[in-house]
Amino acid sequence: MSDRPSLDDQQNYFAQHPPRILSGLEKFLVDSAIGQGGHGEALGTSFELGCVCGSARLKIEAAKTEWKGESLFVVPVRLECASCRKVVEFFDPELHGYDGELGHNKHLNNEARPQLSSVETVDTSQLVASFFYMDDLFCDDFPVDGASVAKEDLFSWFALFERRCDGKAVLLIEEECA
Ligand SMILES: [Zn+2]
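(A) A look at unusual backbone geometry. Residue proline 76 is reached from valine 75 by a cis peptide bond, and omega for that bond is 5°. Secondary-structure assignment places proline 76 in strand 4 (residues 70-81). One non-glycine residue, arginine 85, lies in positive phi territory at about 75°. Mapped onto the fold, arginine 85 is located in the loop between strand 4 and strand 5 (87-91). Using a relative accessible area of 46% as the deciding quantity, one classes arginine 85 as partly exposed.

(B) Seen up close, the environment of glutamate 162. Its location among the elements puts glutamate 162 in strand 8 (residues 157-163). In this structure, the C-alpha to C-alpha distance between glutamate 162 and glutamate 48, residues 114 residues apart in sequence, is 9.4 Å. If we ignore the near neighbours within four places in the chain, the residues touching glutamate 162 are Asp123, Thr124, Ser125, Gln126, Lys168, Ala169, Val170 and Leu172.

(C) The layout of surface pockets, seen in detail. Its volume calculated, the second largest pocket comes out at about 230 Å³. Along the walls of the second largest pocket sit Thr65, Glu66, Trp67, Leu72, Phe73, Val74, Val75, Trp157, Ile173, Glu174, Glu175 and Glu176, which together make up its complete lining. Going through the elements one at a time, strand 3 (58-67), strand 4 and strand 9 (169-176) are the ones with two or more residues in the lining of the second largest pocket. Here the residues of the lining of the second largest pocket sort into 7 nonpolar, 1 polar and 4 charged.

(D) Here's a closer look at the coordination of the zinc ion. Donor atoms from the polypeptide that bind the zinc ion are Cys51 (SG), Cys53 (SG), Cys81 (SG) and Cys84 (SG), placed at 2.3 Å. Given 4 donor atoms and angles of 105 to 115° at the metal, the environment of the zinc ion is assigned as tetrahedral. Within one chain, the residues donating to the zinc ion are spaced in sequence as C-x1-C-x27-C-x2-C. Of this pair, cysteine 53 sits in the loop between strand 2 (43-50) and strand 3 while cysteine 81 sits in strand 4, and the two are 28 residues apart along the sequence.

(E) Seen up close, the pattern of salt bridges. Per the counting criterion, the structure on display carries 7 salt bridges. A salt bridge links arginine 163 to glutamate 48; the shortest N-O distance between them is 2.4 Å. Within this pair, whereas arginine 163 is found in strand 8, its partner glutamate 48 is found in strand 2, the two being separated by 115 residues in sequence. Relative accessible area serves as the criterion here: at 22%, arginine 163 is assigned to the partly exposed category. Here glutamate 89 and arginine 78 are joined by a salt bridge, their closest N and O atoms 3.1 Å apart. Here glutamate 89 is found in strand 5, whereas its partner arginine 78 is found in strand 4, with 11 residues between them in sequence. Residue classification places glutamate 89 among the exposed residues on the basis of a relative accessible area of 55%. Relative accessible area serves as the criterion here: at 32%, arginine 78 is assigned to the partly exposed category. Salt bridges sharing common partners tie together Glu61, Arg78 and Glu89.

(F) Structural view of the sheet that holds strand 2. Sheet architecture is open: 5 strands sit in the order 1-2-7-8-9, paired in antiparallel fashion. The open sheet terminates on both sides in strands that have one partner only, identified here as strand 1 (26-29) and strand 9. Each strand axis lies, on average, 25° off the axis of its neighbour in the sheet, ignoring direction. As judged from the 6 bridges shared by strand 7 (residues 127-133) and strand 8, these two strands associate in the antiparallel manner. What sits directly across from phenylalanine 131, in strand 8, is phenylalanine 158. Sheet strands in contact with helix 1 (residues 7-16) are strand 1, strand 2 and strand 7, and its direction is about 20° off that of strand 2.

Rules behind the numbers
- Residues numbered from 1 in each chain as written.
- Predicted model: local features only at pLDDT ≥ 70, side-chain atom pairs only at ≥ 80, totals over all residues.
- Heavy atoms only, no water.
- Helix = DSSP H or I, 4+ residues; strand = E, 2+ residues; numbered from the N terminus.
- Buried < 20%, exposed > 50% of the residue type's maximum accessible area, 1.4 Å probe, protein only.
- Contact = heavy atoms within 4.5 Å.
- 1 Å grid on protein atoms, 1.4 Å probe; cavity = no way out; pocket = protein on both sides within 12 Å on 5 of 7 lines; lining within 4 Å.
- Points joined across faces, edges and corners; volume = space filled by probe spheres on them.
- Nonpolar A, V, L, I, M, F, W, Y, C, P; charged D, E, K, R; others polar.
- Donors = N, O, S within 2.8 Å, 3.2 Å for Na, K, Ca; no water.
- Tetrahedral: all angles 85-135°; square planar, octahedral: opposite > 155°, others 65-115°.
- Salt bridge = Lys/Arg side-chain N within 4 Å of Asp/Glu carboxyl O.
- Pairing = 2+ DSSP bridges.
- Axes fitted to C-alpha atoms, helices over the stretch in contact; angles between N-to-C directions.

Below is the structure:
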């Protein structure tokens, strides 16, 4: 017999438990998730991000790549407050997301990682981070690998958007995490 909570209950859990990569930031839950997970994840949350000083203007520092004719940032990504200059090491695929948390990405070598010389900095008006989850994280036999990782940190898809003044959300980073 499975005691897995309903999808609504799981969604409520993730809405109330932001991932740990947001711990050094102000975050505000968005009513419905922006974007979607590339694996067809049934669950997702989005949070507007800001600095703990109150500013919503965060600079992204990350390398850029061309993908399907679009220029996207790639992880790892660092955020810097445009107001007080506080720096947050935001997302590192070796440490964060499903594969990072469970140690599956320790093989990532320096060659595969973006070089600092290609890092760009962009000043954004409002960042929104989205996290997508599979619906099996509440199964009795989970997590696997003997890991004791909080479920909210086991997102299998991550995306970062900039919300422009007209309300449009522009994709900046998309990362498959499992
Ligand atoms: Zn600040």
